[in-house]
Amino acid sequence: MALTCLQLVQTAFKRLGLNQPSSAVTSNDPQTLQVLSLLEEEGQEQSDRYSWESLQRQATFTTVAAQAQVALSAITSGFNYLVNDTIWNRTLRRPVYGPKSQQDWQQALAKNINGPFNSYRIIADVINFNPNPPAGQACYFEYITKFWVNGAVPNERFVADTDTIFLNEQITILGLIWRWKSAKGLNYAEDFSKYEAKTLDAMNRDASKPSLNMNGAMYDILPLI
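Bear in mind that the values here come from a model prediction, so they are computed numbers and not experimental data.

## What to know about the overall build of the protein chain
Per the secondary structure count, the protein chain includes six helices and 10 strands. For 225 residues, the compact-globule estimate of 2.2 N^0.38 gives 17 Å, and the C-alpha radius of gyration of the protein chain, at 23 Å, exceeds that figure by more than 25%. Counting over 225 residues, the protein chain shows a buried share of 37%. Counting only contacts in the protein chain whose residues sit at least 6 apart along the sequence, the fraction spanning at least 24 positions is 63%. Accessible area of the protein chain: about 13300 Å², with a carbon and sulfur share of 51%. Seen as two clouds, the 19 positive and the 21 negative side-chain charges of the protein chain have centres 5 Å apart.

This is the structure we're talking about:
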């Protein structure tokens with residue numbers, strides 16, 4: 001069962017030898033509020049550090065016959081960044097190439113290049129296509145959300161003591177502990193080392209990973225007649 005915000009704070013207090021609070025988000029205790037703030041700092045930095053499987057999302061939009069397609073904020077939940085090479089036009093069953101650099105984008109527009117394949121660039125939160133596609137084509141892509149708090153509404157901050165998190169709870173507690181010791185001016189080197197080792201291990205194991213073969217592709221399932 002997922003640990004709540006209050007349980008995460010209480011666990012950290014217990015490991016630090018402090019009296020456990022009965023509330024966190026609504027608490028007036030300065031120390032509890034500091035720990036809650038450090039917990040949010042850990043969550044925000046951990047979510048930015050790696051494309052955790054639990055933060056991966058999919059979005060879709062339908063093309064319009066113009067350069068500007070759609071605002072990312074309108075079709076995503078807590079958009080953080082787009083995963084490269086994931087925009088596909090499922091109507092045409094082919095990728096949308098990009099992202100184009102500023103230089104390549106302006107060159108293509110200036111030369112009025114209207115090749116058969118679309119490229120994209122994100123400008124001021126809006127996905128732009130070149131050349132302009134026909135209207136009505138279905139495009140899909142994957143992105144990473146910045147909403148690491150799982151509450152009544154996903155968020156990047158805690159709203160209630162009962163909120164849980166999409167991140168690894170043990171790593172979050174370890175991060176909270178070394179951050180608290182650092183804020184208090186205490187020696188946190190060993191705690192930080194343990195935290196880093198646990199984080200790197202989780203990054204290596206997160207989701208599934210492809211097998212790498214220096215001799216080329218390796219297939220476990222062979223075609224059969």
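## Here's the deal with the pairing of strand β6 (residues 119-123)
Alignment of β6 against strand β7 (residues 126-130), held across five bridges, turns out to be antiparallel. Within β7, the position partnered with serine 119 by the bridge is asparagine 130. Counting the residues that bridge the hairpin from β6 to β7 gives two residues, and of these alanine 124 lies at a positive phi of roughly 50°.

## Things to note about the packing of helix α1 (residues 5-15) against helix α5 (residues 169-183)
In contact at an axis separation of 10 Å, α1 and α5 are set at 50° when each is read in the N-to-C sense. Here α1 lies oblique to α5, going by the angle between them. With respect to the hand of their crossing, α1 and α5 are arranged in right-handed fashion. Listed contacts from α5 to Leu8, Thr11, Ala12 and Arg15 of α1 are Glu169, Gln170, Ile173, Leu174, Leu176 and Ile177. Within the contact of α1 with α5, the residues separate by chemical class into six nonpolar, two polar and two charged.

## Digging into the nonpolar core
One finds Leu39, Trp52, Trp148 and Phe158 to be the most contacted residues of the largest nonpolar core, which totals 31 residues. In this structure, Leu72, Val96, Cys139 and Phe141 belong to the second largest nonpolar core, which totals 14 residues.

## Some words on the pattern of salt bridges
Using the criterion set out here, one finds eight salt bridges in the structure. The partner of arginine 179 in a salt bridge is glutamate 45, and the shortest N-O contact between them spans 3.2 Å. Taken together, the residues span a long stretch of sequence, with arginine 179 in helix α5 and glutamate 45 in helix α2 (residues 30-49) at a distance of 134 residues. Glutamate 45 sits in the partly exposed class, given a relative accessible area of 43%. Aspartate 201 is the partner of arginine 205 in a salt bridge, and the nearest nitrogen-oxygen pair spans 3.4 Å.

## Quick notes on α5
Here α5 is 15 residues long and its end C-alpha atoms lie 21 Å apart, about the 21 Å a rise of 1.5 Å per residue gives. Counting buried positions over the 15 residues of α5 gives 11, a clear majority of the element. Along α5, the residues classified as buried are Glu169, Ile171, Thr172, Ile173, Leu174, Gly175, Leu176, Ile177, Trp178, Arg179 and Trp180. The secondary structure elements touched by the buried residues of α5 are α1, α2, β10 (164-165) and α6 (189-205).

## Focus: the packing of aromatic side chains
Within this structure, the stated rule accounts for 11 aromatic pairs. Consider the rings of tyrosine 50 and tryptophan 52, whose centres lie 4.9 Å apart with planes at 70°: the pair is edge-to-face. Overall, tryptophan 52 belongs to the buried group, its relative accessible area being 5%. Between phenylalanine 141 and tyrosine 143 the ring centres are 6.3 Å apart and the planes differ by 55°, which places this aromatic pair in the tilted class. Residue phenylalanine 141 is classed as buried on the basis of its relative accessible area, which comes to 1%.

## Things to note about the environment of asparagine 130
With respect to the helices, strands and loops of the structure, asparagine 130 is situated in strand β7. Along the chain, asparagine 130 and leucine 167 lie 37 residues apart, while their C-alpha atoms are 37 Å from each other. Sequence-distant contacts of asparagine 130, defined by excluding residues within four places in its chain, comprise Trp105, Ala108, Leu109, Ile113, Phe117, Asn118 and Ser119.

The rules we used
- Residues numbered from 1 in each chain as written.
- Predicted model: local features only at pLDDT ≥ 70, side-chain atom pairs only at ≥ 80, totals over all residues.
- Heavy atoms only, no water.
- Helix = DSSP H or I, 4+ residues; strand = E, 2+ residues; numbered from the N terminus.
- Rg over C-alpha atoms; globule rule 2.2 N^0.38 Å.
- Buried < 20%, exposed > 50% of the residue type's maximum accessible area, 1.4 Å probe, protein only.
- Contact = heavy atoms within 4.5 Å.
- Areas by Shrake-Rupley, 256 points an atom, 1.4 Å probe, with all protein chains shown as cover.
- Lys, Arg positive; Asp, Glu negative; His and termini not counted.
- Charge placed at Lys NZ, Arg CZ, Asp CG, Glu CD.
- Pairing = 2+ DSSP bridges.
- Axes fitted to C-alpha atoms, helices over the stretch in contact; angles between N-to-C directions.
- Parallel < 35°, antiparallel > 145°, perpendicular 65-115°, else oblique.
- Left-handed = near helix turned anticlockwise from the far one by under 90°.
- Nonpolar A, V, L, I, M, F, W, Y, C, P; charged D, E, K, R; others polar.
- Core = buried A, V, L, I, M, F, W, Y, C linked by side-chain atoms within 4.5 Å.
- Salt bridge = Lys/Arg side-chain N within 4 Å of Asp/Glu carboxyl O.
- Expected span 1.5 Å × (residues − 1).
- Phe/Tyr/Trp six-rings, centres within 6.5 Å; stacked < 30°, edge-to-face > 60°.

Everything listed here is a matter of geometry and, on its own, says nothing about what the molecule does.
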